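Here is how the chains run, residue by residue.
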Amino acid sequence: MENIKSILANNITELRIHHNMTQMELAEKLNYSDKTISKWERAESTPDISVLVELAELFGVTLDYLVKGEQAEVVTTEKKPKEVKYNRRAISYLSEGCGWIVAVFAFIITTLILKEVTFQWLYFVYTLPIVLIVKLVFNSIWFNPRHNYFIVSMLMWSILAAIHITFLYFKVNVSLIYFLGVAGQGVIVLWSFINKPKPIK
């Protein structure tokens, strides 16, 4: 059993380093603490079988590779993890950029056609919440869910700011609306405490 622990510890460490990941980054992907990863790599404890399966999928190897001493070949996939990560970021940034491009296009068209109006700058005010919604969706699917708390906070304040600025355009001051933001921020902070990582095992 000790030999398997040692082999498993060495393989997890080698694979993590091979994929240029820190213990903290691996811990976030598995929803564990970095202390737990450290214990695995020091052979002080071993992951559950479900976590072993997750590790194998994450690193693109077989379960045999994780638990055996011989050097098994890494399972090849169509794209390396690094390439997939960069592609996902590129898609996310491109999608967010499209929102700003549409805003600029709408601003230019409106300015050229309706030369006497001055509301077109509001397009950029409304684009920020839309872009943050796109960011929230991609972050929830592909990236670190813990960052959702910050994105949701920015989304909430940007929506409140958009409402405030819109009313100011019509010369109506609704600055008290930011009290909703204070209450909402409290809810978000409490929400962040609910979804804690799994305890150290």
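Residues numbered from 1 in each chain as written. Predicted model: local features only at pLDDT ≥ 70, side-chain atom pairs only at ≥ 80, totals over all residues. Heavy atoms only, no water.

Mind showing me how you'd approach the packing of aromatic side chains here?
In this description, a pair of aromatic rings is defined by centroid distance and the angle of the planes. All chains considered together, the criterion is met by nine aromatic pairs. Here the aromatic rings of Tyr 149 and Trp 191 are separated by 4.9 Å at their centres, their planes lie at 85°, and the arrangement is edge-to-face. Of this pair, Tyr 149 sits in helix α8 (residues 148–169) while Trp 191 sits in helix α9 (residues 178–194), and the two are 42 residues apart along the sequence. On the basis of relative accessibility, which here comes to 32%, the residue Trp 191 falls in the partly exposed class. Among the aromatic side chains, those forming a connected cluster through ring pairs are Trp 121, Tyr 169 and Phe 170. (Phe/Tyr/Trp six-rings, centres within 6.5 Å; stacked < 30°, edge-to-face > 60°. Helix = DSSP H or I, 4+ residues; strand = E, 2+ residues; numbered from the N terminus. Buried < 20%, exposed > 50% of the residue type's maximum accessible area, 1.4 Å probe, protein only.)

Would you explain the nonpolar core in this entry?
Note on soluble globular proteins: their nonpolar side chains tend to be buried together. If you look at the biggest cluster of nonpolar residues, it comprises 18 residues, and the most contacted ones within it are Leu 26, Leu 30, Trp 40, Leu 55, Phe 59, Val 61 and Leu 66. When residues of this core are traced back to their parent elements, those giving at least two are α1 (2–18), α2 (23–30), α3 (34–41), α4 (49–59) and α5 (63–67). Tallying contributions element by element places α4 first for this core, with five residues. Aside from chain neighbours lying at most four places away, what touches Trp 40 is Ala 9, Ile 12, Leu 30, Tyr 32, Ser 45, Thr 46, Pro 47, Val 51 and Leu 55. Judged by nonpolar contacts, the second largest core, of eight residues, contains Leu 136, Ile 151, Leu 160 and Ile 177. (Core = buried A, V, L, I, M, F, W, Y, C linked by side-chain atoms within 4.5 Å. Contact = heavy atoms within 4.5 Å.)

How should the pattern of salt bridges be read in this particular structure?
Once their charged atoms are close, side chains differing in charge can pair, the charge on each being opposite to the other. Following the criterion strictly, the structure yields three salt bridges and no others. As a salt-bridge pair, Glu 41 and Arg 16 come within 2.5 Å of each other at their nearest N and O atoms. Here Glu 41, found in helix α3, pairs with Arg 16, found in helix α1; they are 25 residues apart in sequence, far enough to count as distant. Each member of the pair Glu 41 and Arg 16 is classed as buried. In this structure, Arg 42 engages Glu 44 in a salt bridge whose closest nitrogen and oxygen atoms are separated by 2.9 Å. Overall, Arg 42 belongs to the partly exposed group, its relative accessible area being 47%. Residue classification places Glu 44 among the partly exposed positions, given a relative accessible area of 45%. (Salt bridge = Lys/Arg side-chain N within 4 Å of Asp/Glu carboxyl O.)

What am I meant to see in helix α7 (residues 122–142) here?
Residue pairs spaced three or four apart in an α-helix point in one direction, given the helix's 3.6 residues per turn. With 21 residues, α7 should cover 30 Å at 1.5 Å per step; its first-to-last C-alpha distance of 31 Å lies within 8% of that length. Restricting attention to buried positions, one finds in α7 the residues Leu 122, Val 125, Thr 127, Pro 129, Val 131, Leu 132, Leu 136, Phe 138 and Asn 139. (Expected span 1.5 Å × (residues − 1).)

I'm lost on the environment of Pro 47 in this one. Help?
Here Pro 47 is to be found in the loop between α3 and α4. A relative accessible area of 8% means that Pro 47 is categorised as buried. Residues Pro 47 and Leu 8, spaced 39 residues apart in sequence, show a C-alpha to C-alpha distance of 9.3 Å. Those residues in contact with Pro 47 that sit more than four places away from it in its chain are Leu 8, Ile 12, Trp 40, Leu 52 and Leu 55.

Could you clarify how one ought to interpret the packing of α8 against α9 in this entry?
A packed helix pair is summarised by two numbers, namely the angle formed by the two axes and the spacing between the axes. Between α8 and α9, whose axes approach to 10 Å, the crossing angle comes to 170°. Taken together, the axes of α8 and α9 lie roughly antiparallel to each other. In this structure, α8 uses Tyr 149, Val 152, Ser 153, Met 156, Trp 157, Leu 160, Ala 161 and His 164 to contact α9, whose residues at the interface are Tyr 178, Leu 180, Gly 181, Val 182, Gly 184, Gln 185, Ile 188, Trp 191 and Ser 192. Of the residues contributing to the contact of α8 with α9, the split by class is 11 nonpolar, six polar and no charged. (Axes fitted to C-alpha atoms, helices over the stretch in contact; angles between N-to-C directions. Parallel < 35°, antiparallel > 145°, perpendicular 65-115°, else oblique. Nonpolar A, V, L, I, M, F, W, Y, C, P; charged D, E, K, R; others polar.)

Any chance you could explain the side chain of Glu 41 here in plain terms?
When its relative accessible area of 13% is taken as the criterion, Glu 41 is described as buried. Side chain to side chain, Glu 41 and Arg 16 meet in a polar contact 2.5 Å long. (Polar contact = N/O pair within 3.5 Å; in protein donor to acceptor, adjacent residues only side chain to side chain.)

Honestly, the side chain of Ser 92 in this entry has me stumped. Any pointers?
Counting through the fold element by element, Ser 92 comes out in helix α6 (residues 81–113). On the basis of relative accessible area, Ser 92 is assigned to the buried category, the value being 4%. The residues touching Ser 92, leaving out its near neighbours within four places in the chain, are Phe 138 and Phe 143.

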